[in-house]
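Each chain, letter by letter, is given below.
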Amino acid sequence: MSSANLRGLQGAASGHPDGCGSQDAHGNGCGVKVNNQELPEGSEIEGAIPPRAAQRQRPAGPPRLAPLTGVLMTDLNGALVVRRVRVRVTSGPDRGREALLEAGTLLVGTHTDNDLILRDPQVGKYHLEIALVAGGIRVRDLGSESGTFVNAARLGTGVVSVGTEISIGRSTLQLLVGDLTVPVNPSERTSFGPVSGQSVLMRTLFAVLERIAATDTPILLEGDPGTGRTLIAKAVHASSRFAASPITAIDLRLPTSERPSLAQVSQRSDTFTLLLERIDEASNADMSALLSIYERREEGVLDARILATCTADIKRAASEGRFRKDLANHVAAVRLQVPPLNARTDDIPMLIRQFAREICGAEPQFRDEDFARAVAREYPGNVRELRGLIVKALQVETAPPVLPKAGAARARAALVMPLNARPKPPPPKVARDRIVEFFERDRLQVLYDRLGGDLNELSRELNCPRKDVIRFLKAQGVQVAEK
């Protein structure tokens, strides 16, 4: 396919509102299309099928499984690529002939309507279909007499990887990588749905999300707990063609009795988004059921967008035998790493402002130096921990109300106390002072605990006389054990 045809694959990747609105004749939703500004100009791809053959109608041919669009994925290094495969004839009468699979499906056979036309008399008119799917390359025999073979085993339909050799008739086809790297520049936006960040790491993540959110490609969000993986997944759902459809969330850490049945999910006939929380903790039985769900989605039987979150490295887990390799290929079509908060400390002031505004209804007037203590702090719980600290600093958390044990007093209190159980948020000016003081107090408490309550060591650390340290600690509400 020429570069002119590549330039025609635009829309979803460039954020065009109609980029993923079309469907093929079989009702398949469109996949990712490529922004023409980020593809090489004026270059022809050697061995590619001519545009005329790629675009003509095939009324006599078999129906196609996959949509006629490109597929966005991430490679082993995490780079965003347009998945393309070169199908090369390595033996037989047509040795050296090659076609480029970049638009969903490619037909192989002796009829002139095929994308890769062979002269091998033992090859059928419409012998084979090769389709790009999220889990790899789907190979489907179209009812040929001589059959399709992979590693000497006859194949009806199956998903194979790049590098696989396929034998049909007297010919051998090899699937070679032809991926096209898509340059990703940081987004100009500082949020994606409810997730905020102005750091380069987050704006680069937003740029990728903006490209793939509107597609049907499965996404795996990797990262530590508290980084916002679930919020991102829900924002992707809200930005996709599935936004008006329900989202079904399944936490795979829970016992099967406490979550929706995967077997029932695989049989659904409606349109929906499936969010698989902590897929790295799926049991063997779960993984078998999940593989069926992904395969049914790729076959067009299940109209679902599948999003997953994990903490462990799925690819490493698969290589070490802790996760099924065939399932990992489907799950990790697009792998996105959500960075921990300590890797993007530039975002902490922005997040504090956001959380304070959400709680107070107006943003406190912070100064740049107000955030020094907060930025220097460690956050093992990531953004979730930071938000919890802001809630604590503004004193909007409270213990459940204690009711009288019995009698009329308890009945009256039960009616009145819930109305006053949640303290009102402070006004913005008070909120600013509370947050600054909280992080100063938190720093002192962390130092005091780290030094085991040794006031002499703390005095040296703070470069302050011991008696002043004690007075300051007490003033900040830090419990001091004087020795």
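As shown above, the structure is provided for reference.
Everything quoted here is computed from the prediction, not taken from an experiment. (Residues numbered from 1 in each chain as written. Predicted model: local features only at pLDDT ≥ 70, side-chain atom pairs only at ≥ 80, totals over all residues. Heavy atoms only, no water.)

Peer 1: I keep staring at the pattern of salt bridges and nothing clicks. Help me out?
Peer 2: Once the charged atoms of two side chains with opposite charge are near each other, the side chains can pair. Counted under the stated rule, the structure contains 36 salt bridges. The salt bridge partner of R88 is E98, with a shortest N-O separation of 2.8 Å. Note that R88 is positioned in strand β3 (residues 85–91) and E98 in strand β4 (residues 98–101), a separation of 10 residues in sequence. Using a relative accessible area of 31% as the deciding quantity, one classes R88 as partly exposed. Between R432 and D433 there is a salt bridge, and its shortest N-O distance comes to 2.8 Å. The buried category is assigned to R432, whose relative accessible area is 14%. Members of the salt-bridge network, linked through shared partners, are R367, E369, D370, K429, R432 and D433. (Salt bridge = Lys/Arg side-chain N within 4 Å of Asp/Glu carboxyl O. Helix = DSSP H or I, 4+ residues; strand = E, 2+ residues; numbered from the N terminus. Buried < 20%, exposed > 50% of the residue type's maximum accessible area, 1.4 Å probe, protein only.)

Peer 1: Any chance you could explain the nonpolar core here in plain terms?
Peer 2: By size, the foremost hydrophobic cluster in this structure holds 28 residues, and its most contacted members are L276, I279 and L290. Elements supplying a minimum of two residues to this core: α5 (262–266), β19 (272–277), α6 (284–298), β20 (304–310), α7 (314–319) and α8 (325–331). Ranked by residue count, the leading element in this core is α6, at five residues. Among residues more than four places away in sequence, those in contact with L276 are I250, L252, L262, L290, Y294, I306, L307, A308 and T309. The next biggest cluster of nonpolar side chains, apart from the first, holds 27 residues, and it includes V71, A99, A134 and I137. (Core = buried A, V, L, I, M, F, W, Y, C linked by side-chain atoms within 4.5 Å. Contact = heavy atoms within 4.5 Å.)

Peer 1: Even after reading the chapter, I still don't get the sheet that holds strand β17 (residues 219–222), so can you show me in this structure?
Peer 2: Adjacent strands of a sheet pair through backbone hydrogen bonds, lying either parallel or antiparallel. With parallel pairing, the five strands of this open sheet are ordered in space as β18-β19-β20-β17-β21. The open sheet is flanked by β18 (247–251) and β21 (334–337), the only strands paired with a single partner. Within the sheet, the average angular offset between the axes of one strand and its neighbour, ignoring direction, is 20°. Lying on the sheet, helix α4 (residues 229–238) is in contact with β17, β18, β19 and β20; it crosses β20 at an angle near 165°. (Pairing = 2+ DSSP bridges. Axes fitted to C-alpha atoms, helices over the stretch in contact; angles between N-to-C directions.)

Peer 1: Any chance you could explain the side chain of R305 here in plain terms?
Peer 2: With respect to the helices and strands, the residue R305 is situated in strand β20. As a buried residue without a salt bridge, R305 has its nearest oppositely charged side chain in D216, at a separation of 5.2 Å. Reaching out from R305, the side chain makes a polar contact with the backbone oxygen of T215 at a distance of 2.3 Å. (Lys, Arg positive; Asp, Glu negative; His and termini not counted. Polar contact = N/O pair within 3.5 Å; in protein donor to acceptor, adjacent residues only side chain to side chain.)

Peer 1: Whenever I open this one, the environment of G178 confuses me. Can you help?
Peer 2: For G178, the location among the structural elements is in the loop between β13 (171–177) and β14 (180–181). The exposure class assigned to G178 is buried, which follows from its relative accessible area of 12%. Residues G178 and L100, 78 residues apart in the sequence, show an inter-C-alpha distance of 7.9 Å.

Peer 1: I keep staring at the packing of helix α11 (residues 382–393) against helix α13 (residues 428–450) and nothing clicks. Help me out?
Peer 2: Describing two packed helices takes the angle between their axes plus the distance from one axis to the other. Where α11 contacts α13, the two axes come as close as 9 Å, and the packing angle between them is 115°. In this structure, the crossing between α11 and α13 has a hand that is right-handed. Here L386, L389, I390, K392 and A393 of α11 come into contact with α13, specifically with R434, I435, F438 and F439. (Left-handed = near helix turned anticlockwise from the far one by under 90°.)

Peer 1: Got a minute to help me understand the packing of aromatic side chains in this structure?
Peer 2: Within a pair of aromatic rings, the relevant descriptors are the distance that separates the centres and the angle that separates the planes. One pass over the full model with this rule turns up two aromatic pairs. Each ring, one from F366 and one from F371, has its centre 5.1 Å from the other, and the planes form 45°; the classification is tilted. Neither residue differs from the other here; F366 and F371 are each classed as buried. The interplanar angle of 90° and the centroid separation of 5.5 Å between the aromatic rings of F438 and F439 together place this pair among those described as edge-to-face. When the ring centre of F272 is taken as reference, the NZ or CZ atom of R268 above it lies at 3.8 Å. The ring of Y379 carries R377 above its face, with NZ or CZ at 5.3 Å from the centroid. (Phe/Tyr/Trp six-rings, centres within 6.5 Å; stacked < 30°, edge-to-face > 60°. Lys NZ or Arg CZ within 6 Å of the ring centre and 35° of its normal.)

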